[in-house]
Amino acid sequence: MKNKITNILADFFFEYETPRQVLVRNKRIGVVCRVIQLGVLAYIIGWVFIYEKGYQSTDTAISSVYTKMKGVGYTNVSGVEKFWDVADYVFPPQGASSFVVMTNFIITEGQKMGKCPELSDKHLCKSHKDCKQGKYNRTGNGHMTGVCVNETKTCEILAWCPVEDDRNIPRPALLLSAENYTLFIKNSITFPLFGVTRSNLVEGVDQSYIRHCLFHPEHSPLCPIFRLGDIVKLSGFNFDTLAELGGAISIVIDWTCNLDVHIKHCKPKYNFHGLYGNPSETDGARASVGYNFRYAKHYVEDKEEKRTLLKVFGIRFDIIVQSLARKFDIIPTLTAIGSGVGIFGVATVVCDLVLLHLLPKREFYKNMKFKYTDSQLQDPDSEEDATKKEGPNK
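Report follows, based on the coordinates. This structure is a prediction, so every number in the text was calculated from the model and none was measured.

About the criteria used
- Residues numbered from 1 in each chain as written.
- Predicted model: local features only at pLDDT ≥ 70, side-chain atom pairs only at ≥ 80, totals over all residues.
- Heavy atoms only, no water.
- 1 Å grid on protein atoms, 1.4 Å probe; cavity = no way out; pocket = protein on both sides within 12 Å on 5 of 7 lines; lining within 4 Å.
- Points joined across faces, edges and corners; volume = space filled by probe spheres on them.
- Nonpolar A, V, L, I, M, F, W, Y, C, P; charged D, E, K, R; others polar.
- Phe/Tyr/Trp six-rings, centres within 6.5 Å; stacked < 30°, edge-to-face > 60°.
- Helix = DSSP H or I, 4+ residues; strand = E, 2+ residues; numbered from the N terminus.
- Buried < 20%, exposed > 50% of the residue type's maximum accessible area, 1.4 Å probe, protein only.
- Lys NZ or Arg CZ within 6 Å of the ring centre and 35° of its normal.
- Disulfide = S-S within 2.5 Å.
- Axes fitted to C-alpha atoms, helices over the stretch in contact; angles between N-to-C directions.
- Parallel < 35°, antiparallel > 145°, perpendicular 65-115°, else oblique.
- Left-handed = near helix turned anticlockwise from the far one by under 90°.
- Contact = heavy atoms within 4.5 Å.
- Lys, Arg positive; Asp, Glu negative; His and termini not counted.
- Salt bridge = Lys/Arg side-chain N within 4 Å of Asp/Glu carboxyl O.
- Polar contact = N/O pair within 3.5 Å; in protein donor to acceptor, adjacent residues only side chain to side chain.
- Core = buried A, V, L, I, M, F, W, Y, C linked by side-chain atoms within 4.5 Å.
- Pairing = 2+ DSSP bridges.

### Thoughts on empty space enclosed by the protein
Alright, step 1. Under the definition given, this model contains two cavities of 30 Å³ or more.
Alright, step 2. As a volume, the largest cavity reaches approximately 40 Å³.
Alright, step 3. Of the voids in this model, the second largest cavity is the one considered here, and its volume is about 30 Å³.
Alright, step 4. Looking at the second largest cavity, the residues that line it are Thr67, Met69, Val90, Pro92, Pro93, Gln94, Gly95, Ala96 and Phe99.
Alright, step 5. Its residues placed into classes, the lining of the second largest cavity shows six nonpolar, three polar and no charged.

The structure is reproduced here in structure tokens:
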């Protein structure tokens, strides 16, 4: 009993089984096999390792963006001269990664709470019955008082008076100066998986460089200071048209870094994309064009609350950070190699299908590849006994 157990364990632990292989000398099968294997090898090397970097692990960054605008605007509206600085034409206040630079506006000064006639294109009336008291027209400026004003043939409303008239959009009052405003972007990123922290103020971008540089995609691709006119141009838009009605532009900071090389090669790339406000799209067929919003400055005059209302047309800038860092890792490398070795089995499957089902000598190859046995095997001892019994009769 002990010897049997020892033999079983010896057979189990100290023997190796390998599948039987048949070497087939056939040119067509050999060519098919090698072509498939070369294709798999090209896929593993070209796509998995070179293009997809299958031997590296990846990580995305945690990012922070800080912005600062500089520039002074000048307007002369109805003989009133005014200078505009960043506190006047940037919304919201400085520092956000998404902000609006005002390029045009409609100003309504001296508004106060009271009763005044509605604009003619908001709600026309023929009698007081057309102006239901307390009703609010969705496109109107206030609540109706129930009075139809004879002079304007419009309903009287309770609102901030005089109401804003935005039917005629002026040419951009800030156009000439806004094109030369400059935008400074400071971006810091951290790849937590690799413990790497970088800033767009990379090697060589020091205080003296920033003081004189201006971004250019070829000559100064690392300068973090951008001229608004250049941003709009690189996004494919026309500044004159965009400044009149407003629009939106995205500034994409792309951090694609290979950390297997020196960290100094991890540098940002800036791309600019026009989101909406394209001159070809600003036609009457569109439901809404441009970008605008309103804000008011409240003040007290003669103990009465008043406000100055501005309808602002501007360019909205959205700064988007894209990041991807790669570094060699043994785990994805082994995984990629293992999956590649497994794909090599496709060549065997295809060649077996051709060999066993399509070639003229397929029956011969089947007999060479497979060993057939009878499913009902007899016991050798019983066969020997049967032979002895049949012997004398013969």
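### Observations concerning the packing of aromatic side chains
Alright, step 1. Inspection of every chain in the model, using the stated rule, returns 13 aromatic pairs.
Alright, step 2. A centroid spacing of 4.3 Å and a plane angle of 10° characterise the contact between tyrosine 89 and tyrosine 181, whose relative ring orientation is stacked. With tyrosine 89 in helix 3 (residues 86–89) and tyrosine 181 in the loop between helix 4 (175–178) and strand 9 (182–191), this residue pair connects regions lying 92 residues apart in the sequence. Residue tyrosine 89 shares its accessibility class with tyrosine 181, and that shared class is buried.
Alright, step 3. Relative to phenylalanine 293, the ring of phenylalanine 91 has its centre 5.3 Å away and its plane inclined at 80°; by these criteria the two rings are edge-to-face. Taken as a pair, phenylalanine 91 in strand 5 (residues 90–91) and phenylalanine 293 in strand 14 (residues 292–301) lie far apart in primary sequence, 202 residues in all.
Alright, step 4. Residue phenylalanine 91 is classed as buried on the basis of its relative accessible area of 16%.
Alright, step 5. Residue classification places phenylalanine 293 among the partly exposed positions, given a relative accessible area of 21%.
Alright, step 6. Each residue in the set Phe91, Tyr291, Phe293 and Tyr295 is aromatic and connected to the rest through ring pairs, giving one cluster.
Alright, step 7. Looking at lysine 82, its charged tip hangs above the ring of tryptophan 84, at a distance of 4.2 Å from the centre.

### Regarding the state of the cysteines
In a disulfide, the sulfur atoms of two cysteines are held together by a covalent bond.
Alright, step 1. Taken as a whole, this structure holds five disulfides when the rule is applied.
Alright, step 2. Through a disulfide, cysteine 116 is tied to cysteine 161; the S-S separation comes to 2.0 Å. Taking the sign of the S-S torsion, about -80° here, the bridge from cysteine 116 to cysteine 161 comes out left-handed. Remark: cysteine 161 occurs in strand 8 (residues 154–161) and cysteine 116 occurs in strand 6 (residues 98–117); sequence separation between them is 45 residues. Each member of the pair, cysteine 116 together with cysteine 161, is buried.

### Things to note about the packing of helix 2 (residues 27–51) against helix 9 (residues 345–357)
Each pair of packed helices gets described by two things: the angle between the helix axes and the distance between those axes.
Alright, step 1. One can describe the packing of helix 2 onto helix 9 by two numbers: an axis separation of 9 Å at closest approach and a directional angle of 155°. With respect to helix 9, the axis of helix 2 lies roughly antiparallel. Considering only the axes of helix 2 and helix 9, their crossing is right-handed. Contact residues: helix 2 offers Ile29, Val32, Cys33, Ile36 and Gln37, while helix 9 offers Val346, Ala347, Val350, Cys351, Val354 and Leu355.
Alright, step 2. Considering only residue class, the contact of helix 2 with helix 9 consists of 10 nonpolar, one polar and no charged.

### What to know about the side chain of glutamate 156
Alright, step 1. Mapping glutamate 156 onto the fold places it in strand 8.
Alright, step 2. Buried charge without a partner: glutamate 156 forms no salt bridge, and the closest opposite charge is lysine 115, 5.1 Å away.
Alright, step 3. Within the structure, the side chain of glutamate 156 is placed 2.7 Å from the side chain of threonine 145, a separation counted as a polar contact.

### Thoughts on the environment of threonine 108
Alright, step 1. If you trace the backbone, threonine 108 turns up in strand 6.
Alright, step 2. Look at threonine 108 and you get buried, because its relative accessible area is 10%.
Alright, step 3. For threonine 108 and arginine 307, which are 199 residues apart along the polypeptide, the C-alpha to C-alpha distance reads 8.7 Å.
Alright, step 4. The residues contacting threonine 108, other than those within four sequence positions of it, are Pro162, Val163, Glu164, Arg307, Thr308 and Leu309.

### Quick notes on the nonpolar core
Alright, step 1. In terms of nonpolar packing, the biggest core is built from 52 residues, with Met69 and Phe317 touching the most fellow members.
Alright, step 2. Looking at this core element by element, the count peaks at six residues for strand 15 (residues 304–328).
Alright, step 3. Each residue touching phenylalanine 317, except ones within four places of it in the same chain, is listed here: Ser97, Ser98, Phe99, Val101, Leu228, Ile231, Ile249 and Ile251.
Alright, step 4. Ranked by size, the runner-up nonpolar core spans 14 residues in total, among them Ile29, Val40, Phe49 and Leu355.

### Focus: the pairing of strand 9
Alright, step 1. Bridge count between strand 2 (residues 62–70) and strand 9: nine bridges; the pairing is antiparallel. Directly across from serine 64, in strand 9, lies its bridge partner serine 188.
Alright, step 2. Pairing of strand 9 with strand 11 (residues 225–227) involves three bridges; the strand directions are antiparallel. Within the sheet, the bridge partner assigned to leucine 183 lies in strand 11 and is phenylalanine 226.
Alright, step 3. The pairing of strand 9 with strand 10 (residues 196–199) spans four bridges and is antiparallel.

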